[in-house]
Amino acid sequence: MSSHALIPTVSVIDYLDSEQQRETRHEYVAGQLFARIGASRAHNTIAGNCFAVLHAHLRGGTCQVFLADMKVRIENADAFYYPDIVVSCEPRDDKALFLEAPILIVEVLSPATENIDRREKRLAYQRLESLQEYVLAAQDTRRIEVYRKIESGSWEVDIYEDRESAVLDSVELTLLLDRIYEGTG
């Protein structure tokens with residue numbers, strides 16, 4: 001026997017209101033909520049190292065770097081995501097609960113989220129007019145992929161491995177993989 005059920009949806013306003021009250025953070029895609037899962041020690045170390053390097057590099061300038069709990073709104077994808085690291089240099093990005101014009105987003109890959117980060121989130125983030133680079137950092141190997149918007153509006157990817165240095169044009173930074181993977185074994 002088959003069953004039938006209506007899938008409930010949540011409005012953006014209700015999502016933003018309820019998200020402030022919850023202990024568990026949720027990403028929002030087209031009215032559906034998806035709980036964020038916990039991260040491993042390696043994931044947190046890599047994200048923390050990225051944040052520390054970016055924070056030190058951007059200190060005193062007009063750009064701000066945020067770690068883990070700042071949402072990014074992609075209005076034309078009807079989505080809110082929590083990137084591991086996000087950088088915004090846009091004065092209009094002054095909302096308390098989310099950013100809309102980041103220039104750089106970094107996601108640390110995990111087995112549970114890698115496919116989502118590579119496909120769903122990458123395609124949604126690339127719809128942001130402001131976004132210049134989307135970075136994927138592996139946690140099980142020393143590998144960083146930098147997806148970069150080029151003049152034509154298309155995207156290209158550069159892959160950095162082992163002891164190389166990743167170039168982040170959006171923030172004019174050379175990111176040493178030794179520094180990013182420090183403390184991961």
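The paragraphs below set out a description of the structure included in this document. For clarity, every value in this text was computed on a predicted model and none was experimentally measured.

Parameters and conventions
Residues numbered from 1 in each chain as written. Predicted model: local features only at pLDDT ≥ 70, side-chain atom pairs only at ≥ 80, totals over all residues. Heavy atoms only, no water. Buried < 20%, exposed > 50% of the residue type's maximum accessible area, 1.4 Å probe, protein only. Helix = DSSP H or I, 4+ residues; strand = E, 2+ residues; numbered from the N terminus. Arc of directions from axis to C-beta. Contact = heavy atoms within 4.5 Å. Pairing = 2+ DSSP bridges. Axes fitted to C-alpha atoms, helices over the stretch in contact; angles between N-to-C directions. Salt bridge = Lys/Arg side-chain N within 4 Å of Asp/Glu carboxyl O.

## Overview of helix α3 (residues 114–125)
Those residues of α3 lying buried are Asp 117, Lys 121, Ala 124 and Tyr 125. What you see down the axis of α3 is that its buried residues fit within an arc of 90°, all on one side. Elements that come into contact with the buried residues of α3 comprise β1 (26–29), β4 (71–74), β5 (79–81), β8 (102–108) and β9 (133–137).

## So, the sheet that holds strand β6 (residues 85–88)
Strand order in the open sheet formed by six strands is β3-β6-β8-β9-β10-β11, with mixed pairing between adjacent strands. What marks the edges here is a single partner per strand, and that holds for β3 (64–67) and β11 (155–161). Averaged over neighbouring strand pairs, the angle between their axes works out to 15° when direction is ignored. Note that β6 and β8 share four bridges and pair antiparallel. Of the residues in β8, the one forming a bridge with Val 86 is Ile 105. Most of the contacts of helix α2 (residues 41–58) go to β3, to which it runs at about 165°, and overall it touches β3, β6, β8 and β9. Strands β8, β9 and β10 (143–149) of the sheet are contacted by α3, whose axis makes an angle of about 165° with β9.

## Some words on the sheet that holds strand β2 (residues 32–35)
Paired through backbone hydrogen bonds, the strands of a sheet run either parallel or antiparallel to each other. Reading across from one edge, β2-β1-β5-β4-β7 is the order of the five strands in this open sheet, with mixed pairing throughout. Lying at the two open borders of the sheet, with one neighbouring strand each, are β2 and β7 (98–99). Looking at chain direction, β1 and β5 are connected through two bridges and run antiparallel. Within β5, the position partnered with Val 29 by the bridge is Ala 79. Contacts between α3 and the sheet are confined to β1, β4 and β5, with β5 contributing the most and set at about 115° to the helix.

## Some points on the environment of Glu 182
Mapped onto the elements of the fold, Glu 182 is located in the segment after α4 (177–180). Not counting residues within four places of it along the chain, the set of residues in contact with Glu 182 comprises Thr 45 and Asn 49.

## Thoughts on the pattern of salt bridges
All chains considered together, the criterion is met by 15 salt bridges. Of the charged contacts, one joins Arg 148 and Asp 169 as a salt bridge, the two residues approaching to 3.2 Å between their closest N and O atoms. With a gap of 21 residues between them, Arg 148 in strand β10 and Asp 169 in the loop between β12 (165–168) and β13 (173–176) connect regions that are remote in the sequence. With relative accessibility at 8%, the residue Arg 148 sits in the buried group. Residue Asp 169 is classed as partly exposed on the basis of its relative accessible area of 45%. Here the salt bridges do not stand alone but share partners, grouping Glu 114, Arg 118, Arg 143, Glu 145 and Glu 161 into one network.

Any functional reading would require information that these geometric values do not contain.
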